[in-house]
Amino acid sequence: MVNYDDIWKPVASVIKHTNMDYGDAVTLGSQFGQLMALIEKKDKEIEKLRSKVKDVPGLVTNSPAMYKVLDRIHRLAHVTTSVFILGETGTGKTMIAEKIHSMSDRKENPFIEVNCAAIPEHLIEAEPFGYKKGASTGASDQGKKGLIEAADGGVFFLDEIGEMPLSLQAKLLSVLQSKRVRRLGDLHDKEVDIRIIAATNKDPEELIRQNKLRADLYYRLSVVTLHLPALRERKEDIYMIAKNFLDKFNQRHRKDMKFSKEVYFAFEFYSWPGNVRELEHIIEQLVVLNDGPEVTGDDLPDIFQPSDSQTNDFSLKMEDRPLQEVVQDVERHYINELWNKYKEIYV
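Model, not experiment: these values are computed from the prediction. Here, residues in each chain are numbered from 1, in the same order as that chain's written sequence. Under the rules for a predicted model, residues below a pLDDT of 70 receive no local features and side-chain atom pairs below 80 are neither given nor counted, while totals for whole chains, interfaces and linings still include all residues. Based on all heavy atoms of the structure, the side-chain values leave hydrogens and waters out of the count.

Topic: the layout of surface pockets
Then step 1. Computed over the protein atoms alone on a 1 Å grid, cavities are sets of points where a 1.4 Å probe fits but cannot get out and pockets are open sets with protein on both sides within 12 Å along at least five of seven lines; a residue lines them when it has an atom within 4 Å of a point. Grid points are joined across faces, edges and corners, and a volume is the space filled by probe spheres set on the points. Roughly 550 Å³ of volume is contained in the second largest pocket.
Then step 2. Lining of the second largest pocket is provided by 24 residues; of these, Gly90, Thr91, Gly92, Met95 and Val276 occupy positions nearest its centre.
Then step 3. Every element with two or more residues in the lining of the second largest pocket is listed here: helix 4 (93–102), helix 10 (238–252) and helix 12 (275–289).
Then step 4. For the lining of the second largest pocket, a count of residues per class yields 9 nonpolar, 8 polar and 7 charged. Helix and strand labels come from DSSP, where a helix needs a run of H or I of at least four residues and a strand needs a run of E of at least two; each type is numbered from the N terminus. Throughout this entry, Asp, Glu, Lys and Arg are counted as charged residues, while Ala, Val, Leu, Ile, Met, Phe, Trp, Tyr, Cys and Pro are counted as nonpolar. The remaining residues, Gly among them, count as polar.

Laid out in structure tokens, this is it:
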């Protein structure tokens, strides 16, 4: 509840110490009150979303950007609509798809994941659709159930869908529309009850323009679109995620490593182009390659060590560069200067 004493005390102080007209002061007080009410409303929304974190096992976050993702996970877990997950490489698209499945009524049924970029060319249709007995030379005498059939009752997750051939996308669209699938070489369809979740690390609109993704399939799949923020956009999570991975790899490799404050500081100011997956791999590398008991800044890979050109020969080359990139360079240089000057206090 907004405390109006908190509003009028500063307003009264303004009137007392300035020549502001009383009517203007009242208007100022009203605007201030509206602002406080809006802040209070936003605080309640954030607290409501924060309370949902504990309901998603295995997901570590303290980021407002991820609270919105959690809210959608909860909503999507209770429906069967198709979902399109967007996010850079390493942001956790597969994990989010698995969370939606594990919290849904389909959790006892299969979660079948297909990386569209990894299907061998000669199996490009047989893998998802299966084939009838004797459908082709070399095919099994028993025939084979495809991955779509295998996902019946559960979730069929298509990662990197922009890598799927257009001919296969057309057949997938038919399955979505008819809820039926036909094995290669068969004359009869089979009913399937699947929920499709698709994902890509590219801009789907750009994929459509490049003729790599059918527009009709995209619009059919993207009933709900889920955007996953990059790790650099949720830096308040880095410490918690790093601690989580450190505990995981200590247990796996039977170690008891600890990270110095210097290491966590370096993690905070790294850009993480590979996102959470890169952080995971870096931490496992540090646990495996160090004897401990503590990992320090000197043990970090070269990518965390500022080069001489970064620290001594800094210059702004702004021609033909986006403003955001120039700002990032300035920030990186400034942080490196501070680090070199004050890093002793973090050790």
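Things to note about the nonpolar core
Then step 1. Residues enter a nonpolar core if they are buried and are Ala, Val, Leu, Ile, Met, Phe, Trp, Tyr or Cys, with the set joined through side-chain atoms within 4.5 Å. Relative accessibility decides the category of a residue: with a 1.4 Å probe and only protein chains considered, values under 20% of the type maximum give buried, values over 50% give exposed, and everything between is partly exposed. Counting 29 residues, the largest nonpolar core has Phe156, Leu158 and Ile161 as the members making the most contacts within it.
Then step 2. Every element with two or more residues in this core is listed here: strand 1 (83–86), strand 2 (111–115), strand 5 (155–159), helix 7 (166–178), strand 8 (195–200), helix 8 (204–209) and helix 9 (215–221).
Then step 3. What phenylalanine 156 contacts, discounting residues up to four positions off in sequence, is Ile112, Val114, Leu147, Ile148, Ala151, Leu172, Ile194, Arg195, Ile196 and Ile197.
Then step 4. Membership of the second largest hydrophobic core comes to 24 residues, among which are Ile241, Phe249, Ala266 and Ile282. In what follows, a contact means two residues having at least one pair of non-hydrogen atoms within 4.5 Å.

So, the packing of helix 3 (residues 64–77) against helix 4
Two numbers describe a pair of packed helices, the interaxial angle and the distance between the axes.
Then step 1. Here an axis means a line fitted to C-alpha atoms, over the contact stretch when the element is a helix, while the angle between two N-to-C directions is reported on a 0 to 180 degree scale. Packing of helix 3 against helix 4 brings their axes to within 8 Å, and their N-to-C directions diverge by 40°. The angle between helix 3 and helix 4 falls in the class oblique. Where helix 3 crosses over helix 4, the two elements pack in a sense that is right-handed. Every residue of helix 4 that contacts helix 3 at Val69, Ile73, Leu76 and Ala77 is listed here: Ile96, Lys99 and Ile100.
Then step 2. Each residue belonging to the contact of helix 3 with helix 4 can be placed in one class, and the counts come to 6 nonpolar, no polar and 1 charged. Roughly parallel refers to an angle under 35 degrees, roughly antiparallel to one over 145, roughly perpendicular to one between 65 and 115, and oblique to any angle outside these ranges. For any pair of crossing helices, the crossing counts as left-handed if the nearer helix is rotated counterclockwise from the farther one by less than a right angle, and right-handed if it is rotated clockwise.

Details of the packing of aromatic side chains
Then step 1. Between 30 and 60 degrees the pair is tilted, below 30 it is stacked and above 60 it is edge-to-face, where a pair is any two Phe, Tyr or Trp rings, Trp via its six-membered ring, whose centres lie within 6.5 Å. Using the criterion set out here, one finds 14 aromatic pairs in the structure.
Then step 2. Ring geometry for phenylalanine 265 against phenylalanine 269: centres 4.8 Å apart, planes inclined by 50°, an arrangement best described as tilted.
Then step 3. Its guanidinium or amino end placed over the ring of phenylalanine 129, lysine 171 lies 4.5 Å from that ring's centre, counting from NZ or CZ. For a lysine, the NZ atom is tested; for an arginine, the CZ atom; a charge sits over a ring if that atom is within 6 Å of the ring centre and within 35 degrees of the ring normal.

A short note on the confidence of the model for the protein
Then step 1. Scored from 0 to 100, pLDDT records how confident the predictor is in each individual residue. Chain-level statistics for the protein give a pLDDT mean of 82 and a share of 69% at 70 or above.
Then step 2. Ranking the helices and strands of the protein by mean pLDDT puts strand 1 first, with 97, and helix 13 (residues 308–311) last, with 48.

Description of the pattern of salt bridges
Then step 1. Every case where a carboxyl oxygen of Asp or Glu lies within 4 Å of a side-chain nitrogen of Lys or Arg is listed as a salt bridge. Taken as a whole and judged by the stated rule, the model has 16 salt bridges.
Then step 2. Among the ionic pairs, glutamate 149 bridges to arginine 183, the shortest N-O distance being 2.7 Å. Pair noted here: glutamate 149 is in helix 6 (residues 147–150) and arginine 183 is in the loop between strand 6 (180–181) and strand 7 (190–191), with a separation of 34 residues, a long-range link.
Then step 3. Residue class for glutamate 149 comes out buried when judged on its relative accessible area of 6%.
Then step 4. By relative accessible area, arginine 183 is classed as partly exposed at 23%.

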